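The residues making up each chain are set out below.
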Amino acid sequence: MIWLVWRRQRAALLTVAGLVAVVAVVLVAGRIAFLAHMRAHGVDETCFDVLSEACRRDAAAALDVDQPSGYGMFWSLGHFALLALPLVVGLLAGVELFHREIDERTYVLALTQGVTPARWWATNLLVTGVPVAVLPVLLGVVAGWAYAPFDLITYSFSPLETPIFEISGIVPAAYALLAFALAAGTGLVAGGRLTAAIVAVVGYAVLMFVLATIARPDYLPAEIVRQSIDPTRPDGGLTDVAGTWQIERHWVDDQGVQRHTTACGQADEYLRCLHDAGVTGYAVRTQPDLRYWAFQLIETAILVALSAVVLASTHPRVAARWRDRRVTAPKRTTGPASMIQQ
């Protein structure tokens, strides 16, 4: 049965592997080109291993001199592509997983060889789903290595922030599984490639947005860091909280109560206006970067649980019960419900 599924799905899986390989080659080439540019301007690769202030300054200066315009696009478009890659992988592997076999009724061959509908269903999911989960993780490792020198001197994103969080660690596997489950499950129950693709794209995008903006900031209790205002300094003595994801900031008074300062609009009198409004400090709601793996495990668990629910709802016996309840609907002759009757 495993060999049969592989023979039928090898085109999709090889396409997925080829896509991941192409993206990996682009990432490796980007790192090589970036380091070559640094060496041409006197910055050795070893400088990025222990990034001192002098190394950071020299590397930033090297970027300012004859900087290739493609580096900024390499970072921004590259991260956008990596965000979408688990979705593409899930679609390529999941849309046709059940739809084509049911549409052409080739599943009948397996069911007449002593294979139960449940085994047919599970084998298809496992043989196809494992590569779908593994490949995005491997690509995430390559991406982290490829972008590391560039990130060290140009960007200061927390690893808990989008897009860094979604394209690193084990979360890409969970997002790929979610897209795969939505595409394969919809194709099995509802039929139709377009329907499966739409459900997968919408579900993937909505869930990624909800987790990143609503759920993730509260996976664990946030830490509040308070900074006092120094009226003798132009910036008030306020700085970024190093080693954290800064979720929210607001002005507070002596008791820590939030104060609104919309009336303080002129820069030269801003600190005086804040003082007159009773503001004495700045409260920053943060999540420490050290919680990266805890957050990775939490988000992965959420996505895997949702994928399991989606797939469980497409089990042939569950689909048959759905069909039995639709007594007023036209009787289907193909699909998971009909397989129970074979």
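Quick caveat: nothing in here was measured; it's all calculated off a predicted structure.

## Brief notes about the pattern of salt bridges
This structure, assessed with the given rule, holds 5 salt bridges. The partner of Glu96 in a salt bridge is Arg193, and the shortest N-O contact between them spans 2.3 Å. Here Glu96 is found in helix H3 (residues 70-104), whereas its partner Arg193 is found in helix H7 (residues 193-215), with 97 residues between them in sequence. Close ionic contact of Glu166 with Arg216 constitutes a salt bridge, the shortest N to O distance being 2.8 Å. One end of the pair, Glu166, is in the loop between helix H5 (117-154) and helix H6 (171-189); the other, Arg216, is in the loop between H7 and strand S1 (223-228), and 50 residues separate them in sequence.

## Topic: the environment of Gln287
Looking at the element boundaries, Gln287 is found in strand S3 (residues 281-288). Note on Gln287: relative accessible area 0%, which makes it buried. C-alpha separation for the pair Gln287 and Leu220, spaced 67 residues apart in sequence, amounts to 8.0 Å. Look past the residues within four positions of Gln287 in its chain and what remains in contact with it is Leu160, Pro217, Leu220, Pro221, Ala222, Thr244, Trp245, Ile247 and Phe295. For Gln287, the side chain forms a polar contact with the main-chain oxygen of Pro217, separated by 2.9 Å.

## Topic: H7
Under the 1.5 Å per step criterion, the end-to-end length of H7 is 31 Å for 23 residues, consistent within 8% with the ideal 33 Å. Every buried residue of H7 is listed here: Ala196, Ala200, Tyr204, Leu207, Met208, Leu211 and Ala212.

## A closer look at the confidence of the model for the protein chain
Predicted coordinates in areas of low pLDDT are best not read in detail. Averaged over every residue, the pLDDT of the protein chain is 78; the share at 70 or more is 71%. Per-element averaging of pLDDT across the protein chain places helix H11 (residues 336-340) at the bottom with 47 and helix H9 (residues 292-312) at the top with 94. A low-confidence stretch, residues 326-334 (pLDDT under 50), is modelled with 10 contacts involving residues beyond four sequence positions or located in other chains. When the criterion is pLDDT under 50, residues 337-342 qualifies, and its contacts beyond four places in sequence or with other chains add up to 17 contacts.

## Side note on the packing of H6 against H7
Relative to each other, H6 and H7 sit at 150°, their axes nearing to 8 Å. In the packing of H6 onto H7, the handedness of the crossing is right-handed. Here Tyr175, Leu178, Ala179, Leu182, Ala183, Thr186 and Gly187 of H6 lie close against H7, whose contacting residues are Thr195, Ala196, Val199, Ala200, Gly203, Tyr204, Leu207, Met208 and Leu211. The residue inventory of the contact of H6 with H7, partitioned by class, reads 12 nonpolar, 4 polar and no charged.

## Quick notes on the environment of Glu101
Among the secondary structure elements, Glu101 is positioned in helix H3. Separated by 93 residues in the primary sequence, Glu101 and Arg8 place their C-alpha atoms 9.0 Å from one another.

## Focus: the packing of aromatic side chains
In total, this model carries 4 aromatic pairs according to the counting rule given. For the ring pair Phe165 and Tyr292, a centre distance of 5.9 Å and an interplane angle of 80° mean the geometry is edge-to-face. Placement of Phe165 in the loop between H5 and H6 and of Tyr292 in helix H9 is noted, with a sequence separation of 127 residues between them. Overall, Phe165 belongs to the buried group, its relative accessible area being 0%. Residues Tyr292 and Trp293 carry aromatic rings whose centres are separated by 5.1 Å and whose planes lie at 75° to one another, so their mutual orientation is edge-to-face. Through pairs of rings, three or more aromatic residues link up here, namely Phe165, Tyr292 and Trp293.

Criteria and cut-off values
- Residues numbered from 1 in each chain as written.
- Predicted model: local features only at pLDDT ≥ 70, side-chain atom pairs only at ≥ 80, totals over all residues.
- Heavy atoms only, no water.
- Salt bridge = Lys/Arg side-chain N within 4 Å of Asp/Glu carboxyl O.
- Helix = DSSP H or I, 4+ residues; strand = E, 2+ residues; numbered from the N terminus.
- Buried < 20%, exposed > 50% of the residue type's maximum accessible area, 1.4 Å probe, protein only.
- Contact = heavy atoms within 4.5 Å.
- Polar contact = N/O pair within 3.5 Å; in protein donor to acceptor, adjacent residues only side chain to side chain.
- Expected span 1.5 Å × (residues − 1).
- pLDDT = per-residue confidence, 0-100.
- Axes fitted to C-alpha atoms, helices over the stretch in contact; angles between N-to-C directions.
- Left-handed = near helix turned anticlockwise from the far one by under 90°.
- Nonpolar A, V, L, I, M, F, W, Y, C, P; charged D, E, K, R; others polar.
- Phe/Tyr/Trp six-rings, centres within 6.5 Å; stacked < 30°, edge-to-face > 60°.

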